[in-house]
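Structure assessment
So the chains spell out like this:
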Amino acid sequence: MTPAELAITVKAAAERVLADHDLDASVVPDTVTVERPRNPEHGDYATNIALQVAKKAGTNPRELAGWLAEVLAEDPAIAAAEIAGPGFINLRLAADAQGQLVAKVLEEGAAFGNSDIYAGEKVNLEFVSANPTGPIHLGGTRWAAVGDSLGRVLEASGAKVTREYYFNDHGGQIDRFARSLVAAAKGEPTPEDGYGGDYIREIAQAVVEKQPNALEGTDAEVQETFRAAGVEMMFAQIKQSLHDFGVDFDVYFHENSLFESGAVDKAIATLKENGNLYEADNAWWLRSSDFGDDKDRVVIKSDGDAAYIAGDIAYVADKFDRDHTLAIYMLGADHHGYIARLKAAAQALGYNADAVEVLIGQMVNLVRDGQAVKMSKRAGTVITLEDLVDAIGVDGARYSLVRSSVDSSLDIDLDLWTKQSSDNPVYYVQYGHARLCSIERKAKEAGVTLPDVADIDLGLLTHEKEGDLIRTIGEFPAVVRAAAELREPHRIARYTEELASAFHKFYDSCQILPKAGEAPEPIHTARLALAMATRQVIANALGLIGVSAPERM
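Reading the values: the criteria
- Residues numbered from 1 in each chain as written.
- Predicted model: local features only at pLDDT ≥ 70, side-chain atom pairs only at ≥ 80, totals over all residues.
- Heavy atoms only, no water.
- Salt bridge = Lys/Arg side-chain N within 4 Å of Asp/Glu carboxyl O.
- Helix = DSSP H or I, 4+ residues; strand = E, 2+ residues; numbered from the N terminus.
- Buried < 20%, exposed > 50% of the residue type's maximum accessible area, 1.4 Å probe, protein only.
- Pairing = 2+ DSSP bridges.
- UniProt positions renumbered as here; feature names shortened; annotations may be inferred.
- Disulfide = S-S within 2.5 Å.
- Axes fitted to C-alpha atoms, helices over the stretch in contact; angles between N-to-C directions.
- Parallel < 35°, antiparallel > 145°, perpendicular 65-115°, else oblique.
- Left-handed = near helix turned anticlockwise from the far one by under 90°.
- Contact = heavy atoms within 4.5 Å.
- Nonpolar A, V, L, I, M, F, W, Y, C, P; charged D, E, K, R; others polar.
- Phe/Tyr/Trp six-rings, centres within 6.5 Å; stacked < 30°, edge-to-face > 60°.
- pLDDT = per-residue confidence, 0-100.
- Core = buried A, V, L, I, M, F, W, Y, C linked by side-chain atoms within 4.5 Å.
- Expected span 1.5 Å × (residues − 1).
- Bend = angle between axes of the 7 residues up to and from the residue.

1. Let's talk about the pattern of salt bridges
- In this structure the tally under the stated criterion is 25 salt bridges.
- In this structure, glutamate 357 and arginine 487 form a salt bridge, with 2.7 Å as the shortest nitrogen-oxygen distance. Of this pair, glutamate 357 sits in strand β11 (residues 356-360) while arginine 487 sits in the loop between α17 (476-485) and α18 (490-509), placing them 130 residues apart in sequence. Considered together, glutamate 357 and arginine 487 belong to a single accessibility category, that of buried residues.
- Among the salt bridges present, the one from lysine 419 reaches aspartate 423, with a minimum N-O distance of 3.8 Å.
- Residue class for lysine 419 comes out partly exposed when judged on its relative accessible area of 39%.
- Overall, the relative accessible area of 47% leaves aspartate 423 in the partly exposed class.

What follows is the structure, given as structure tokens:
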């Protein structure tokens, strides 16, 4: 029995009890909370449903808990139901019922933990979207790991996800990039507002090698040559770096296409027609303050040029016009103002503002020997994705970036993440998976194989550490659901560490395989089944955050 199944049982019992006592059963919530108590002596699970609904139903919480405990104890899957405090109910599952969770994992395999809570949702998930003027820096790398993981979690929850990279190829930063390339090709100093670093010299050299006449022509012609070729080369490097990091996109959306296609003009016309764009001081303003923004925003400047927000407005419309039901933007720490701005733009255009979500990620720092690492190998003062991967590998980089909530800044201790010990979280979890694979290999050598799940006596799993491990496994579907609903994939990584810890404690306390010369017994088969279920869930969890599950270490 999973926690979700137990919650359904408790809900049904509460509705039955209230009806039997002529009380209002409609006060029982659709979702009943069932949690593992902090003190395992209090039982396997606990629920506060009596405290939640007693007053609404017109009865005493402890009296309601007593009625509920009697009904729940009648269920053969529940070994005991006890009242605690003012109306809590502590529950202990029967060994057979608890063991069925192991069978469920083995039967569902890679699908265990998946759900359909977002079935029918078409999500546009935009992340990274770094300007093609340099390598991916640490902030973008964090979004690459977290965004890709969130996409995996949403897909595991039934959503159809479009991973999208917004390719910013319209604006002044591209001009500065082009001028920097031209200066490097000519051997001149980097422009005051330009970009430095070895990568600029490398790209400039590559442009000249590909187009020997690149420096010939007017200044405008030379700059355009380097702009077009340089942006293409830089973006190719970005795409390759992300691919090597395990991150690929379904759509690479060019900002410039919004202007070339007339999408910006169309959005502006729509806002003028519906009265949400007005003229003042020779400029056109969005009535964004009417939709929750702190002020109105200039969309068309007094010189007739479109302001930056014009592209944002057209892009919001484009996302929904492609039939997406939810648009999630993952932006850097300096983009807080975009939250209200983008929601206002959507609502002003006639779309649902609640279908626009903006997640803000905080900064990332690298630390070595207690000191911040500030210099990059190729990009000067900007630490890049490649720098992090070179230091701790793809798995270490992804895990370290996903493991913490993006709401807080993050320091990555390179000394910690390169250790091959239990101090290193990703090593600890991966080692657990590799150990489980080793157990499977040794089981085959010892002649212990898993029969059909129905033929395994999982009711033999009565040891305290077996129960702890089974209940930890049982939490996985709820963790995945919370990660999806709260947009917090770090919950998956933290859970995986808890599961690895529960497994290691089980391994230290329970003899899984028969000793040399001993014949396999039913308990060995049951424990092997539990071990293989654990291996499956660790693999499923690591897969959701894009980290490998090695079979040997």
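2. Examining the pairing of strand β7 (residues 277-280)
- Judged from the four bridges that link them, β7 and strand β8 (residues 283-286) form a sheet pairing that is antiparallel. Pairing of leucine 277 across the sheet is with leucine 286, part of β8.
- Turn length for the β7-β8 hairpin, with the two strands adjacent in sequence and antiparallel, is two residues, and the turn residue aspartate 281 shows positive phi of about 55°.

3. So, the UniProt feature "domain: DALR anticodon binding" (unreviewed entry) in the chain
- In the numbering used here, UniProt assigns the feature "domain: DALR anticodon binding" (unreviewed entry) to residues 429-553.
- Structurally, residues 429-553 comprises 66% helix and 0% strand, and the distance from its first C-alpha atom to its last is 11 Å.

4. Regarding the UniProt feature "domain: Arginyl tRNA synthetase N-terminal" (unreviewed entry) in the chain
- Within this structure's numbering, the places UniProt gives as "domain: Arginyl tRNA synthetase N-terminal" (unreviewed entry) are residues 4-93.
- Regarding residues 4-93, the helix share stands at 43% and the strand share at 18%, and the terminal C-alpha atoms are separated by 13 Å.

5. Regarding the environment of proline 135
- Here proline 135 lies in the loop between β4 (122-126) and α5 (138-156).
- Spatially, the C-alpha atom of proline 135 lies 8.5 Å from that of serine 241, the residues being 106 residues apart in sequence.

6. A look at the state of the cysteines
- Applying the stated criterion across every chain, the model contains zero disulfides.
- With no disulfide of its own, cysteine 437 has cysteine 510 as its nearest cysteine by sulfur position, at a separation of 20 Å.
- For cysteine 437, a relative accessible area of 4% gives the class buried.

7. Comments concerning the packing of helix α11 (residues 308-321) against helix α12 (residues 338-348)
- Viewed as axis vectors pointing N to C, α11 and α12 meet at an angle of 60°, and their least axial separation amounts to 9 Å. Here α12 runs oblique to α11, going by the angle between their axes. Crossing of α11 against α12: the hand is right-handed. Every residue of α12 that contacts α11 at Tyr308, Ile309, Asp312, Ile313, Val316 and Phe320 is listed here: Tyr338, Arg341, Leu342, Ala345 and Ala346.
- Considered class by class, the residues forming the contact of α11 with α12 number nine nonpolar, no polar and two charged.

8. Comments concerning the sheet that holds strand β14 (residues 410-413)
- With mixed pairing, three strands are arranged side by side in an open sheet as β13-β12-β14. The open sheet has two free edges, formed respectively by β13 (371-373) and β14, since each of these has just one partner strand. When strand polarity is set aside, the average angle formed by the axes of neighbouring strands in this sheet is 45°.
- Relative to β14, strand β12 (residues 364-368) runs parallel, the two being bridged by four bridges. Bridging across to β14, valine 367 finds its partner in aspartate 413.

9. Considerations on the packing of aromatic side chains
- Here the structure, examined in full by the defined rule, presents 19 aromatic pairs.
- Consider the rings of phenylalanine 235 and tyrosine 252, whose centres lie 5.5 Å apart with planes at 85°: the pair is edge-to-face. Remark: tyrosine 252 occurs in strand β6 (residues 251-254) and phenylalanine 235 occurs in helix α8 (residues 219-244); sequence separation between them is 17 residues.
- In this structure phenylalanine 235 comes out as buried when scored by relative accessible area, which is 7%.

10. Digging into the pairing of β12
- Inspection of the sheet shows β12 paired to β13 by three bridges, in the antiparallel sense. Bridged to valine 367 within β13 is alanine 372.
- Between β12 and β13, which follow one another and run antiparallel, lie two residues, and aspartate 369 among them has a positive phi close to 55°.

11. Remarks on the sheet that holds strand β2 (residues 78-84)
- Spatially, three strands are ordered β1-β3-β2 in an open sheet, and the strand pairing comes out antiparallel. Strands with a single pairing partner mark the edges of an open sheet, and in this sheet they are β1 (45-47) and β2. This sheet shows a mean twist of 25° between the axes of neighbouring strands, independent of strand direction.
- Of the strands in this sheet, β2 and β3 (88-93) touch helix α3 (residues 61-73), which is tilted by about 175° from β2.

12. Here's the deal with the confidence of the model for the chain
- Here the chain averages 93 in pLDDT, and 98% of its residues register 70 or above.
- Within the chain, β4 carries the highest mean pLDDT (98), whereas β13 carries the lowest (85).

13. Some words on the nonpolar core
- Residues Ile412 and Ile473 are the most contacted members of the largest nonpolar core, which totals 110 residues.
- With twelve residues, the top contributor of residues to this core is helix α19 (residues 522-544).
- Among residues more than four places away in sequence, those in contact with isoleucine 473 are Leu101, Val105, Phe112, Tyr495, Leu499, Leu530, Ala533, Thr534 and Val537.

14. Details of α12
- Of all the residues in α12, the buried ones are Tyr338, Arg341, Leu342, Ala344, Ala345, Ala346 and Ala348.
- Buried positions along α12 lie against α10 (263-273), β8, β9 (297-300), α11, β10 (326-331) and β11.
- Looking one or two residues beyond α12, the residue adopting positive phi is glycine 350, at roughly 100°.

15. Considerations on helix α13 (residues 385-402)
- Helix length check: α13, at 18 residues, gives a terminal C-alpha distance of 14 Å against a target of 26 Å (1.5 Å per residue), a shortfall beyond 12%.
- Along α13, the sharpest change in direction is near 110° and occurs at glycine 393.
- The set of residues buried in α13 consists of Leu385, Asp387, Leu388, Ile392, Asp395, Gly396, Ala397, Arg398, Tyr399, Ser400, Leu401 and Val402.

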